[in-house]
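# Inside the fold
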Amino acid sequence: MRVRTLTGGLAAIFVLSGPLLNGPAAAVPTVGTAQRQVADDVVTYDASGAAEFKAAVERGAAIWNESVETVELRQAASGQRADVRIVADNGWPRSVPTSMGNGTVYIGRQAVDQGYSTIRIAAHELGHMLGLPDRKPGPCSSLMSGASAGTSCINPYPSAAEKAQVERNFEGAPTGALLGRM
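Okay, so let's go over this structure. (Residues numbered from 1 in each chain as written. Predicted model: local features only at pLDDT ≥ 70, side-chain atom pairs only at ≥ 80, totals over all residues. Heavy atoms only, no water.)

Strand order in the open sheet formed by 5 strands is β2-β1-β3-β5-β4, with mixed pairing between adjacent strands. Looking at strand neighbours, the two that pair on one side only are β2 (71-75) and β4 (94-99), the edges of this open sheet. Within the sheet, the average angular offset between the axes of one strand and its neighbour, ignoring direction, is 20°. Contacting β1 (41-49), β2, β3 (84-89) and β5 (102-108), helix α3 (residues 54-67) crosses the sheet at an angle of about 155° to β2. (Pairing = 2+ DSSP bridges. Helix = DSSP H or I, 4+ residues; strand = E, 2+ residues; numbered from the N terminus. Axes fitted to C-alpha atoms, helices over the stretch in contact; angles between N-to-C directions. Contact = heavy atoms within 4.5 Å.)

Here β5 lies mainly inside the structure; 6 of its 7 residues are buried. As judged from the 6 bridges shared by β3 and β5, these two strands associate in the parallel manner. Bridge pairing links A88 to I107 in β5. Examined bridge by bridge, β4 and β5 share 5 bridges and lie antiparallel to one another. (Buried < 20%, exposed > 50% of the residue type's maximum accessible area, 1.4 Å probe, protein only.)

A few words on the layout of surface pockets. Volume-wise, the largest pocket comes out at about 220 Å³. Along the walls of the largest pocket sit 18 residues, with W92, H124, E125, G146 and A147 positioned nearest its centre. Sorting the residues of the lining of the largest pocket by element identifies β4 and α5 (118-129) as the ones contributing at least two each. In terms of residues, the lining of the largest pocket owes the most to one element, α5, which gives 5 residues. Partitioned by chemical class, the residues of the lining of the largest pocket number 7 nonpolar, 6 polar and 5 charged. (1 Å grid on protein atoms, 1.4 Å probe; cavity = no way out; pocket = protein on both sides within 12 Å on 5 of 7 lines; lining within 4 Å. Points joined across faces, edges and corners; volume = space filled by probe spheres on them. Nonpolar A, V, L, I, M, F, W, Y, C, P; charged D, E, K, R; others polar.)

Turning to the packing of α3 against α5, a few remarks are in order. Contact pair α3 / α5: the axes reach a minimum separation of 8 Å and the direction vectors enclose 55°. When the axis of α3 is compared with that of α5, the two are oblique. For α3 against α5, the interelement crossing comes out right-handed. For the pair α3 and α5, the contacting residues are A56, V57, R59, G60, A61, I63 and W64 in the first and T118, I119, A122, A123, L126 and G127 in the second. Taken together, the residues that form the contact of α3 with α5 break down as 9 nonpolar, 3 polar and 1 charged. (Parallel < 35°, antiparallel > 145°, perpendicular 65-115°, else oblique. Left-handed = near helix turned anticlockwise from the far one by under 90°.)

The next thing to look at is the pattern of salt bridges. Using the criterion set out here, one finds 4 salt bridges in the structure. A salt bridge links E72 to R74, with the shortest nitrogen-to-oxygen separation between them at 2.9 Å. Residue E72 is classed as buried on the basis of its relative accessible area of 8%. Here R94 ties to D89 by a salt bridge, and the two come within 2.4 Å at their closest N and O atoms. For D89, a relative accessible area of 17% corresponds to the buried category. (Salt bridge = Lys/Arg side-chain N within 4 Å of Asp/Glu carboxyl O.)

This part is about the state of the cysteines. Taken as a whole and judged by the stated rule, the model has 1 disulfide. With a sulfur-sulfur separation of 2.0 Å, C140 is cross-linked through a disulfide to C153. When the S-S torsion is 80°, as for the bridge of C140 with C153, the disulfide is right-handed. On the criterion of sequence distance, the pair formed by C140 in the loop between α5 and α6 (160-170) and C153 in the loop between α5 and α6 is long-range, its members being 13 residues apart. With a relative accessible area of 30%, C140 lands in the partly exposed category. (Disulfide = S-S within 2.5 Å.)

As far as function goes, none of this settles anything; it's purely spatial.
Dropping the structure here:
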């Protein structure tokens, strides 16, 4: 009886200490990569057609990257097919999502000419690509209230509820999942 108990105890010790003896099971992230490894999904975008709004689009993407952890907006590499295409046009800003994290964003000059913030427009339209609907009418504190907040609203940051919804939208979901998850 003692031999069986001793053998079982030794086996448990070896099983539990295996990772310690063999080294870590996964590589430890460096300080520089730890933050981005949190993101489950990467949504690439191509702002080459954004014309004078390219800097606003980059800032809008950075705001989302600072605000959520489950998805990262990243500029597509040269020659890479982007998930989201961003173009400038003379109409009203709009998004045409084809699936979660995929589609086309139009940064319309009409809203800019009326006095709306280019960074707020970019962040708002990228919010649609991340699965958020318009919330109109709405206060300036709600990014997805869009134009209903008025031209004096320059807040480009998503609210806590908007951040939480994007986190839920991308939690464990592969990029390209159907918009039905919204």
